[in-house]
Each structure stands twice: as structure tokens, then as C-alpha cells.
Amino acid sequence: MRKVVCILTLSFLTVSLTFCSSVKKTFVSRNEFHLRPYQEETLANGLKIIFIDDPSLPKVSLNLLMKVGALHEPKGLEGLNLMTVALLDQGSSSRNATQIAEEFGQIGTEIFQSGQHDFSSVSVSGLSTTKEKILELFIDVVMNPSFRQDEIVRRRAQTLASLQQMVDNPGV
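Remember, predicted model here, so these are calculated numbers, not experimental data.

Chemist: Can you explain the overall build of the chain? Please cite residues and give values.
Modeler: Along its length, the chain carries five helices and five strands. Of all 172 residues assigned to the chain, the portion counted as buried reaches 20%. Within the chain, contacts between residues at least 6 apart in sequence are counted, and of these 63% link residues at least 24 apart. Split by element, the accessible area of the chain, about 13500 Å² in all, is 61% carbon and sulfur.

In C-alpha cells, the structure reads:
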């Protein structure tokens, strides 16, 4: 059986290498890669802003990276970072979750949040013709989250149900 697997693997590699050698190779030399010019500002609160202008596409992207993740959670509050990031778009001081989703949807975009081991991020991108609205919504979501108790309870229940499902069906 082991011999058959080795022969099949070698056959696959041979076919793959033959295919790869027949494809036209276009490599970029190390000397040809250049970063676009950028501007960097540090605000009084320590927030660093990096602005890169790319006029090749009518697109604007906003990314907020925070040096906080699961690694920084206090003992006994595991999951706090992920819960916090997940709740950002669930309401602000001026909009509820439905309004946030609808307003992002009206301009053809949505907001993405991610909590990782050593950092968290919030990002959004869309057409540059809607950049003012994108910026307005982005600032509202990241600067004025409401963290309503009913949303916290709902998100916690969803998370616990997901964890229970993984226990019940470990292979799925």
C-alpha cells in the first residue's frame, strides 16, 4: 500500500512539474518592487496614521490595527478581546446594529472585525465616491461602540452554542 501511495505521489509531482514548466514564467526582480509613497502622522494620543494614495483604482480602504489581542486578556476573562471586537458593529451611540448594516449596505460595503492572538483589526473598503460616508460610519463604529447588554448576552449565547457544537461534532 505504501508503495502505491509513493508511486501516485511521484506521478502527481511529475504531472505538476510538467505543467509548471510549460507555464510562461514571469518573475518580478527584487529590484523592480517599490513601495508606493506614503505619509505617516502620529496623533497626540499615539495613534499612527499611514496614508497611501493609489489613484489606479477608485477605491478607499480603511484599516485600524490595534496592538491588543487574546495574548493581553486578563486571566479569567479569556475571549474578552474577540467578544469586544465582534460587538463593535452591533451598535454605536447614534446607530443600532441594523442601521449600521443598512448604511454600509447602501454604499455597497461592509465592515470587518478580527481579533487575533496579538492584535485586533477593523477594516472597511469601498468606492472612493463614498469615502466621506465610509469614514463617518467607520469612525462611529470604532469610536462610539454602545456595547448594549442585550447584544452582549446574544453574542455570548452564540459563542457558547458554537463551542458546544464543536464538542458535539468534533469532525465538522
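Chemist: Outline the nonpolar core, listing residues and values.
Modeler: One finds F104, I111, V122, V124, I134, F138 and V141 to be the most contacted residues of the largest nonpolar core, which totals 14 residues. Elements with a minimum of two residues in this core: β3 (59–66), α3 (97–106), β5 (120–127) and α4 (131–143). Contact partners of V122, with chain neighbours within four places excluded, come to L62, N63, L64, M66, L88, I111, F112, Q113, F138 and V142.

Chemist: Break down unusual backbone geometry for me, citing the residues and quoting the values.
Modeler: A positive phi angle, near 45°, is found at F147, a position not held by glycine. Here F147 lies in the loop between α4 and α5 (149–168).

Chemist: Talk me through the sheet that holds β3; I want residue IDs and the actual numbers.
Modeler: Strand-to-strand pairing in sheets goes through backbone hydrogen bonds, with the strands running parallel or antiparallel. Strand order across the open sheet formed by three strands is β3-β5-β4, with antiparallel pairing between neighbours. Strands at the two margins of the open sheet, each flanked by one partner only, are β3 and β4 (112–115). The mean inter-strand angle of the sheet, taken between neighbouring strand axes irrespective of direction, is 10°. Alignment of β3 against β5, held across eight bridges, turns out to be antiparallel. Looking at the pairing, V60 lines up with G126 of β5.

Chemist: So, a nonpolar patch on the surface: which residues are in play, and what are the values?
Modeler: A surface patch of nonpolar side chains, about 590 Å² in accessible area, is lined by F33, L35, Y38, I50 and I52. Within the secondary structure, L35 sits in the loop between α1 (2–22) and β1 (38–42).

Chemist: Residues and numbers for the packing of α3 against α4, please.
Modeler: At a minimum axis distance of 10 Å, the contact between α3 and α4 shows a crossing angle of 155°. Considered as vectors, α3 and α4 are oriented roughly antiparallel to each other. For α3 against α4, the interelement crossing comes out left-handed. In this structure, α3 contributes I100, E103 and F104 to the contact, and α4 contributes K133, L137, F138 and V141. Considered class by class, the residues forming the contact of α3 with α4 number five nonpolar, no polar and two charged.

Thresholds applied
- Residues numbered from 1 in each chain as written.
- Predicted model: local features only at pLDDT ≥ 70, side-chain atom pairs only at ≥ 80, totals over all residues.
- Heavy atoms only, no water.
- Helix = DSSP H or I, 4+ residues; strand = E, 2+ residues; numbered from the N terminus.
- Buried < 20%, exposed > 50% of the residue type's maximum accessible area, 1.4 Å probe, protein only.
- Contact = heavy atoms within 4.5 Å.
- Areas by Shrake-Rupley, 256 points an atom, 1.4 Å probe, with all protein chains shown as cover.
- Core = buried A, V, L, I, M, F, W, Y, C linked by side-chain atoms within 4.5 Å.
- Pairing = 2+ DSSP bridges.
- Axes fitted to C-alpha atoms, helices over the stretch in contact; angles between N-to-C directions.
- Patch = residues over 30% accessible without salt bridge, like charges linked within 9 Å, V, L, I, M, F, W, Y side chains within 5 Å.
- Salt bridge = Lys/Arg side-chain N within 4 Å of Asp/Glu carboxyl O.
- Parallel < 35°, antiparallel > 145°, perpendicular 65-115°, else oblique.
- Left-handed = near helix turned anticlockwise from the far one by under 90°.
- Nonpolar A, V, L, I, M, F, W, Y, C, P; charged D, E, K, R; others polar.

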